[in-house]
Amino acid sequence: MIEPTAKVHPGAEIGTGVRIGAYSVIGDQVQIADHCVIGPHVVIKGPTRIGEATRISQFSSIGDDPQDKKYQGEAASFLEIGSNNVIREFCSINRGTAQGGGVTRVGNDNWIMAYVHIAHDCQVGNNTVFANNTTLAGHVLIDDFAILGGFTGVHQFCRVGCHSISAIASIIVKDVPPYLMISGNTAKPNGLNRVGLRRNGFSDDSVDALRKAYRIVYREGLLLKDALKKIDSLADANEEVACFTRFIKESERGIIR
């Protein structure tokens with residue numbers, strides 16, 4: 001299942017049923033779990049671990065050194081990619097730095113389209129979608145079920161909340177609370193991601209509660225601290241609103257508004 005022109009380092013660990021395409025290069029300290037498919041002309045550098053049934057398309061660069069001037073070749077630099085991911089053509093995912101915890105992580109069941117870049121120390125959850133040319137700077141957090149439209153750029157140290165969605169060419173420079181639709185340069189909120197919420201099984205009651213919370217935070221002209229006080233009762237009664245308010249309270253960078 002390994003093409004004769006592929007080069008696999010003796011220190012790499014290759015699972016059962018793995019396919020490695022022509023002219024791909026698999027480096028030392030690379031672990032590829034069972035049933036992965038590595039396309040032609042892919043370069044994977046270690047230390048990198050890739051979970052089961054992940055597919056990586058041609059011309060991708062996985063696990064290369066962090067693009068960070070502080071990185072000086074230290075050993076504590078890893079990349080962990082989970083299971084059942086699709087990583088399309090020309091993607092680049094870098095390892096972590098000691099200053100950022102040492103590990104870049106990508107979870108499970110993510111759909112990562114062509115020309116996506118995921119920089120050092122990023123933490124990507126599960127079931128996300130990155131459309132073509134999405135770019136994450138270092139230390140970015142992407143929560144589960146987030147969708148980033150094509151050419152979206154995320155500034156370093158930003159967090160994008162679960163079940164949020166960005167429009168094409170959005171530039172994110174502050175944290176994006178969960179469940180929002182956003183767009184623009186710089187990105188601004190455009191309401192709730194109602195279609196995505198319903199597709200993912202959120203009840204009408206939860207969507208209505210989130211709509212009320214959104215209106216209080218984004219439409220009533222209140223100071224953020226006053227808006228959070230006003231939605232405390234909604235948060236007590238609804239877990240999704242509680243998640244929304246908890247995200248805002250935990251934000252260190254500040255939220256888009």
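Residues numbered from 1 in each chain as written. Predicted model: local features only at pLDDT ≥ 70, side-chain atom pairs only at ≥ 80, totals over all residues. Heavy atoms only, no water.

1. Remarks on the nonpolar core
So, point 1. If you look at the biggest cluster of nonpolar residues, it comprises 64 residues, and the most contacted ones within it are Ile-44, Ile-118, Leu-136 and Phe-244.
So, point 2. Looking at this core, the elements with two or more residues in it are β5 (30–32), β11 (78–81), β26 (180–183), α2 (204–218), α3 (224–230) and α5 (239–250).
So, point 3. Broken down by element, this core gets its largest block of residues, eight residues, from α2.
So, point 4. Residues within four places of Phe-244 in sequence aside, it is in contact with Pro-177, Pro-178, Tyr-179, Leu-180, Leu-210, Ala-213, Val-217, Tyr-218 and Ile-231. (Core = buried A, V, L, I, M, F, W, Y, C linked by side-chain atoms within 4.5 Å. Buried < 20%, exposed > 50% of the residue type's maximum accessible area, 1.4 Å probe, protein only. Helix = DSSP H or I, 4+ residues; strand = E, 2+ residues; numbered from the N terminus. Contact = heavy atoms within 4.5 Å.)

2. Details of a nonpolar patch on the surface
So, point 1. Taken together, the side chains of Ile-2, Val-8 and Ile-14 make up a nonpolar region of the molecular surface, amounting to roughly 200 Å² of accessible area.
So, point 2. Residue placement: Val-8 occurs in strand β1 (residues 7–8).
So, point 3. On the accessibility criterion, Val-8 (31% relative accessible area) is partly exposed. (Patch = residues over 30% accessible without salt bridge, like charges linked within 9 Å, V, L, I, M, F, W, Y side chains within 5 Å. Areas by Shrake-Rupley, 256 points an atom, 1.4 Å probe, with all protein chains shown as cover. Salt bridge = Lys/Arg side-chain N within 4 Å of Asp/Glu carboxyl O.)

3. A look at the packing of aromatic side chains
So, point 1. Counted according to the given criterion, the structure contains four aromatic pairs.
So, point 2. Both rings, one in Tyr-179 and one in Phe-202, keep their centres 5.8 Å apart while their planes meet at 75°; by these two values the pair is edge-to-face. Note that Tyr-179 is positioned in the loop between β25 (171–172) and β26 and Phe-202 in the loop between α1 (194–199) and α2, a separation of 23 residues in sequence.
So, point 3. The buried category is assigned to Phe-202, whose relative accessible area is 15%.
So, point 4. An aromatic cluster of three or more residues is present, and its members are Phe-59, Phe-90 and Tyr-115. (Phe/Tyr/Trp six-rings, centres within 6.5 Å; stacked < 30°, edge-to-face > 60°.)

4. Description of the pairing of strand β27 (residues 188–192)
So, point 1. In terms of strand pairing, β26 meets β27 through three bridges, oriented antiparallel. Counted as the bridge partner of Leu-180 is Leu-192 from β27. (Pairing = 2+ DSSP bridges.)

5. Let's talk about the sheet that holds strand β23 (residues 159–160)
So, point 1. Across the sheet, eight strands lie side by side as β2-β5-β8-β11-β14-β17-β20-β23; this open sheet has parallel pairing. Because the sheet does not close on itself, it has two edges, and the strands there are β2 (13–14) and β23.
So, point 2. Pairing of strand β8 (residues 48–50) with β11, which is carried by three bridges, proceeds in the parallel orientation. Looking at the pairing, Ile-50 lines up with Ile-81 of β11.

6. Some thoughts on the sheet that holds strand β6 (residues 37–38)
So, point 1. As summarised here, the arrangement of the ten strands in space is β3-β6-β9-β12-β15-β18-β21-β24-β26-β27, forming an open sheet in which the pairing is mixed. The sheet is open, and its two borders are formed by β3 (19–20) and β27, each paired with just one other strand.
So, point 2. When strand β24 (residues 165–166) meets β26, the two strands line up parallel, connected through two bridges. Within β26, the position partnered with Ile-165 by the bridge is Met-181.

7. Structural notes on the state of the cysteines
So, point 1. Enumeration over the complete set of coordinates arrives at zero disulfides.
So, point 2. Here Cys-158 is not cross-linked by a disulfide; its sulfur's nearest cysteine counterpart is in Cys-122, at 11 Å.
So, point 3. With relative accessibility at 1%, the residue Cys-158 sits in the buried group.
So, point 4. Unpaired in terms of disulfides, Cys-243 finds its nearest cysteine sulfur in Cys-162, a separation of 4.3 Å. (Disulfide = S-S within 2.5 Å.)

8. Some remarks on the pattern of salt bridges
So, point 1. A full pass over the atoms with the stated rule returns 15 salt bridges.
So, point 2. Linking Asp-64 and Lys-45 is a salt bridge whose minimum nitrogen-to-oxygen distance equals 3.6 Å. Pair noted here: Asp-64 is in strand β10 (residues 61–64) and Lys-45 is in the loop between β7 (43–44) and β8, with a separation of 19 residues, a long-range link.
So, point 3. The class of Lys-45 is partly exposed, set by a relative accessible area of 33%.
So, point 4. Taking the shortest distance from any N to any O, the salt bridge between Arg-49 and Glu-80 comes out at 3.2 Å. Linking Arg-49 in strand β8 with Glu-80 in strand β11, this pair joins segments that are 31 residues apart in sequence.
So, point 5. Judged by its relative accessible area of 43%, Arg-49 falls in the partly exposed class.

Everything listed is a geometric property; what it means functionally is a separate question.
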